[in-house]
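Each chain, letter by letter, is given below.
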Amino acid sequence: MRQKIVAGNWKMHKSLEESQALITEIRGLVRDEYRGDGKVVIVPTFLALPSAARLVEGTEIEIGAQNAHYEDQGAFTGEISVSMLKAVGVTNVIIGHSERRQYFGENNALLAAKAKSVVRHGLKVIFCVGETLEQRESKQYFRVIEEQISQGLFGLDRKEFANVVIAYEPVWAIGTGLTATPEQAQEIHAYIRKIVSAQYNDEIANETSILYGGSVKPENATSIFMQPDIDGGLIGGAALKARDFIDIVKAMR
Ligand code: PGA
């Protein structure tokens, strides 16, 4: 059975103190209210990672980072490596978020190197793909998704691919309040599973968790997560409110 996952991407929000308070609140709500076997991942800023990892020790909650460099160390001012993240208890890394692609010029070749570094260290990579509004309207989205996945991930061998989680996040739905309909999302998720199967095999494709992201809220989470190829969500805005986030977590069945 593939793993259900809800991951909260906090982006550049919350000071260290605010992060500690929010993690403590979410930890309590998960303990008191969530009875399922899905995985909860919290992805705060780099600054909050060491204390976040300590705060979830002894719970099922995992901690993720929003980015990482592909080298282990070196003269890369301003960067942080996967081995450094691992050393403080991080077990997941988001790579290829559309904001990294859009605002920081990260391309598929760079993202492939980053993804490789994450899985080589035995961490899970949450690899984001998704088309822009223009690409959706001009019906290029299948091609765009195929290119992002094949160039970003298909350099991994079968064993490495076991550490891959894919997040489909249509750029036009991120932070906009627009959500792909459950049917639109399901169509892409099924397509992603198909190309993973063609590259590796059916078994690997069936074991790969594919998350949806883009304006997921408590009100729409259930109908999205009910789709057969949608295994949970990558949550932005709604992950910053403990009540909303736990209600989305509870939509994982
Ligand atoms: P959103 O962000 O939920 O605020 O749309 C999702 C994401 O960027 O991962």
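These remarks concern the structure in this document. (Residues numbered from 1 in each chain as written. Predicted model: local features only at pLDDT ≥ 70, side-chain atom pairs only at ≥ 80, totals over all residues. Heavy atoms only, no water.)

### Describing helix H7 (residues 141–153)
So, point 1. Here H7 spans 18 Å end to end across 13 residues, near enough to the 18 Å set by a 1.5 Å rise per residue.
So, point 2. Among all positions of H7, only Tyr 141, Val 144, Ile 145, Gln 148, Ile 149, Gly 152 and Leu 153 are buried. What you see down the axis of H7 is that its buried residues fit within an arc of 120 degrees, all on one side. (Helix = DSSP H or I, 4+ residues; strand = E, 2+ residues; numbered from the N terminus. Expected span 1.5 Å × (residues − 1). Buried < 20%, exposed > 50% of the residue type's maximum accessible area, 1.4 Å probe, protein only. Arc of directions from axis to C-beta.)

### Considering the nonpolar core
The nonpolar side chains of a soluble globular protein tend to be buried, and buried together.
So, point 1. Counting 71 residues, the largest nonpolar core has Leu 153, Phe 161, Ile 166, Ile 192 and Phe 225 as the members making the most contacts within it.
So, point 2. Here the element with the most residues in this core is helix H9 (residues 182–199); it accounts for six residues.
So, point 3. Beyond its immediate chain neighbours, meaning those up to four positions away, Phe 161 contacts Leu 153, Phe 154, Leu 156, Ile 166, Val 196, Tyr 200, Ile 204 and Thr 208. (Core = buried A, V, L, I, M, F, W, Y, C linked by side-chain atoms within 4.5 Å. Contact = heavy atoms within 4.5 Å.)

### Some thoughts on the packing of helix H5 (residues 108–120) against H7
So, point 1. One way to put it is that H5 packs onto H7 with a least axis distance of 7 Å and a crossing angle of 50 degrees. In terms of orientation, H5 lies oblique with respect to H7. Considering only the axes of H5 and H7, their crossing is right-handed. Across the interface between the two elements, Asn 108, Leu 111, Ala 112 and Ala 115 of H5 pack against Glu 147, Gln 148, Gln 151, Gly 152 and Leu 153 of H7.
So, point 2. Taken together, the residues of the contact of H5 with H7 sort by class into four nonpolar, four polar and one charged. (Axes fitted to C-alpha atoms, helices over the stretch in contact; angles between N-to-C directions. Parallel < 35°, antiparallel > 145°, perpendicular 65-115°, else oblique. Left-handed = near helix turned anticlockwise from the far one by under 90°. Nonpolar A, V, L, I, M, F, W, Y, C, P; charged D, E, K, R; others polar.)

### Thoughts on the packing of H7 against H9
So, point 1. Where H7 contacts H9, the axes come no closer than 11 Å and their chain directions differ by 45 degrees. Compared by their axis directions, H7 and H9 come out oblique. Crossing handedness for the pair H7 and H9: right-handed. Each of Tyr 141, Phe 142, Ile 145, Glu 146 and Ile 149 in H7 lies in contact with H9, whose residues at this interface are Glu 187, Ile 188, Tyr 191, Ile 192 and Ile 195.

### As for the pairing of strand E5 (residues 124–129)
So, point 1. Burial within E5 is extensive, with five of its six residues counted as buried.
So, point 2. Relative to strand E6 (residues 164–168), E5 runs parallel, the two being bridged by five bridges. Following the sheet pairing, Cys 128 is matched in E6 by Ala 167. (Pairing = 2+ DSSP bridges.)

### Focus on the sheet that holds strand E3 (residues 62–65)
To summarise the sheet geometry, strands pair through backbone hydrogen bonds and adopt either a parallel or an antiparallel arrangement.
So, point 1. Reading around the barrel, the eight strands line up as E1-E2-E3-E4-E5-E6-E7-E8 and close back on themselves, with parallel pairing between neighbours. When strand polarity is set aside, the average angle formed by the axes of neighbouring strands in this sheet is 25 degrees.
So, point 2. Bridging between strand E1 (residues 5–9) and strand E8 (residues 232–235) involves four bridges; their strand directions are parallel. Across the sheet, residue Ala 7 finds its bridge partner in E8, namely Leu 234.

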